[in-house]
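What follows is each chain in one-letter form.
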Amino acid sequence: MSTLGWVFAALCGVFLLLSAIGFALWGRDRRRLRRLTEQTQQFLMTGEHLHYSTDDDAFAPLQNALCDLEDRVLLEQSHMVEALRRNAALISDISHQLKTPLAGIRLYCEMAESGETIYRQKQLRLVEKMERLISGLLRLEKLRSDAYVMHFAPHDMANLLREVVRELYPLFPEKRICVTGSCMLRCDGAWLSEAVGNLVKNACEHTAPDGQVMVRCEKSERAVLLQIEDDGGGVEAKELPLLFYRFHRTENASPDSAGLGMAIAKAIVEKHHGTIGAENGERGLRVTICLPVLEGTEKI
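Predicted model only: the values in this text are computed from it and were never measured.

Turning to the side chain of His272, a few remarks are in order. For His272, the location among the structural elements is in the loop between helix H6 (261-271) and strand S6 (275-280). Excluding residues within four positions of it along the chain, His272 makes contact with Met150, Phe152, Cys187, Asp188, Trp191, Leu192, Leu291, Pro292 and Leu294.

As structure tokens, this is what we get:
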């Protein structure tokens, strides 16, 4: 073989060697990147923290930057929890301070010697409204700050929904409230009943005296859908994003409404790791709750 041939063969050998080394490094980098991705996903799911890297390679700054980001996320979470705790404590203190004078006002109204008057009745109604408002606001803020423990257990949703409707019948005897569908769901039965009850009550208040409210239950492999739909004509499109804000009241809301029922329902659904939304259907407002199928511990 000529000298040129030997040189060409040597160059081919060097190229093949460098290619093999490049592929090996590329494969190692891909594995390192995949491992970092998996560890980041693990942090998002379980909170397990990455470790800082002391290696002298191109991936060390990336890993350390991810560690810094995780530290900031955890710090912001702790600040948020503390802020919610302080907010709940403030609401609790305010509620306590308001309850005492309200109790006195109610007592004096009931003890009034002038007898039954229209003014006295109005005073008592206002006191009752303020008591409901304080109680609902305190309940909402405690939910948002994790002051309550959710007790998860399997529940037959058909039975749960029928019991909710049964308790509302005395308030709306002329309404047609229909429950369809059946499935099992792991949830806190008492809290979820309150959320659904708030939504069904809201639907009843926004329909005609002989109106209809449909409550549906449907289960897929990963989620349970609950729908509450009425035939009251729905709400204006601009109001849909505001329905679950506290103190928001639609134009045709009941004068006694405090505007907290749907906000409390949203907080309860979120504590079940679910989502809630509203839209205008063919005949009225449709509220949809999506709850994941949970397996695991009794308390979350």
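In this section: unusual backbone geometry. Positive phi, normally seen in glycine, also occurs at His273, with a value near 65°. Relative to the helices and strands, His273 resides in the loop between H6 and S6. On the basis of relative accessibility, which here comes to 43%, the residue His273 falls in the partly exposed class.

It is worth spelling out the nonpolar core at this point. Formed by 48 residues in total, the largest nonpolar core has its most connected members in Met157, Leu199, Val200, Val213 and Leu226. When contributions to this core are tallied by element, the ones reaching two or more residues are helix H3 (118-144), helix H4 (157-168), strand S3 (184-187), helix H5 (189-205), strand S4 (212-219), strand S5 (223-230), H6 and strand S7 (285-292). Element by element, the count of residues in this core is highest for H5, at eight residues. Once residues lying within four places of it in the same chain are set aside, the contact partners of Leu226 are Met157, Leu161, Val196, Arg216, Cys217, Val287, Thr288, Ile289 and Leu291.

This paragraph deals with the environment of Pro209. Here Pro209 is to be found in the loop between H5 and S4. For Pro209, a relative accessible area of 59% corresponds to the exposed category. Between the C-alpha atoms of Pro209 and Lys175, which are 34 residues apart in sequence, the distance is 6.4 Å. If sequence neighbours within four positions are ignored, Pro209 has contacts with Glu174 and Lys175.

Pairing between S5 and S7: seven bridges, direction antiparallel. Across the sheet, the residue bridging to Glu229 is Arg286, located in S7. Sheet analysis places S6 next to S7, joined by six bridges and oriented antiparallel. Residue Glu279 lies in a different strand from S7, and its bridge partner there is Arg286.

On to the pattern of salt bridges. If you walk through the whole model with that rule in mind, you get eight salt bridges. When the shortest N-O distance is used, the salt bridge between Lys238 and Glu236 registers 3.6 Å. For Lys238, a relative accessible area of 60% corresponds to the exposed category. Residue class for Glu236 comes out partly exposed when judged on its relative accessible area of 38%. For Glu279, the salt bridge is made with Arg286, and the minimal N-O distance between the two is 2.9 Å. Since its relative accessible area comes to 37%, Glu279 is described here as partly exposed. Several salt bridges converge on common partners, so that one network encompasses Arg216, Glu229, Glu279 and Arg286.

Turning our eyes to something else, we now look at the confidence of the model for the protein chain. Scored by pLDDT, the protein chain comes out at a mean of 77, with 71% of its residues at no less than 70. With pLDDT under 50 throughout, residues 10-25 is counted as low confidence; its partners more than four residues away or in other chains account for zero contacts.

With that settled, the discussion passes to H5. Across its 17 residues, H5 extends 24 Å between first and last C-alpha, which sits within 8% of the 24 Å expected from 1.5 Å per residue. Listing the buried residues of H5 in full gives Gly189, Trp191, Leu192, Ala195, Val196, Gly197, Leu199, Val200, Asn202, Ala203 and Cys204.

Pairing in this open sheet of five strands is mixed, and the strands run S2-S4-S5-S7-S6 from one edge to the other. Of all strands in the sheet, those with a lone pairing partner are strand S2 (176-180) and S6, marking the two edges. Across the sheet, the mean angle from the axis of one strand to that of its neighbour is 15°, orientation sign disregarded. Against the sheet, H4 makes contact with S2, S4 and S5, and its axis sits at roughly 170° relative to S2, the strand it touches most.

Both the distance between ring centres and the angle between the ring planes are used here to describe each pair of aromatic rings. For the structure on display, the rule yields one aromatic pair. Judged by centre distance (4.9 Å) and plane angle (50°), the ring pair of Tyr148 and Trp191 falls under tilted. Remark: Trp191 occurs in helix H5 and Tyr148 occurs in the loop between H3 and strand S1 (153-156); sequence separation between them is 43 residues. Residue classification places Trp191 among the buried positions, given a relative accessible area of 9%.

The contact between H4 and H5 brings their axes to 10 Å, and the two run at 50°. Viewed along their axes, H4 and H5 adopt a mutual orientation that is oblique. The handedness of the crossing between H4 and H5 comes out as right-handed. Across the interface between the two elements, Met157, Leu160, Leu161, Val164 and Leu168 from H4 touch Gly189, Leu192, Ser193, Val196, Gly197, Val200 and Lys201 from H5.

A few words now on the environment of Leu84. Topologically, Leu84 is positioned in helix H2 (residues 59-111). Considering only alpha carbons, one finds Leu84 and Ala147, 63 residues apart in sequence, at a separation of 9.7 Å. Apart from the residues within four sequence positions on either side, Leu84 is in contact with Arg144 and Ser145.

Rules used throughout
Numbering of residues starts from 1 in each chain and follows the order in which that chain's sequence is written. Residues qualify for local features only when their pLDDT is at least 70, as the model is predicted, and side-chain atom pairs are given and counted only at 80 or more; totals for whole chains, interfaces and linings, by contrast, use all residues. Values reported for side chains reflect all heavy atoms of the structure, with hydrogen atoms and water molecules removed beforehand. Strands here mean DSSP runs of E at least two residues long; helices mean DSSP runs of H or I at least four residues long; both are numbered from the N terminus. Here a residue-residue contact requires only that any non-hydrogen atoms of the pair lie within 4.5 Å. Partly exposed describes any residue whose relative accessible area lies between the buried limit of under 20% and the exposed limit of over 50%, with all areas from a 1.4 Å probe on protein chains only and scaled to the type maximum. What we call a nonpolar core is a set of buried Ala, Val, Leu, Ile, Met, Phe, Trp, Tyr and Cys residues that are connected through their side-chain atoms within 4.5 Å. Strand pairing is assigned whenever DSSP detects at least two bridges linking the two strands. Salt bridge criterion: a side-chain nitrogen from Lys or Arg within 4 Å of a carboxyl oxygen from Asp or Glu. Looking at any residue, its pLDDT shows the predictor's confidence there, from 0 to 100. One fewer than the residue count of a helix, multiplied by 1.5 Å, yields its expected span. With axes taken as lines fitted to C-alpha atoms, and helix axes fitted only over the stretch in contact, angles between N-to-C directions fall between 0 and 180 degrees. Pairing of aromatic side chains requires ring centres within 6.5 Å, counting the rings of Phe and Tyr and the six-membered ring of Trp. Pairs whose planes differ by under 30 degrees are stacked, by over 60 edge-to-face, and all others tilted. The labels follow the angle: roughly parallel below 35 degrees, roughly antiparallel above 145, roughly perpendicular from 65 to 115, and oblique for the rest. By definition, turning the near helix anticlockwise from the far helix through less than a right angle yields a left-handed crossing, and turning it clockwise yields a right-handed one.

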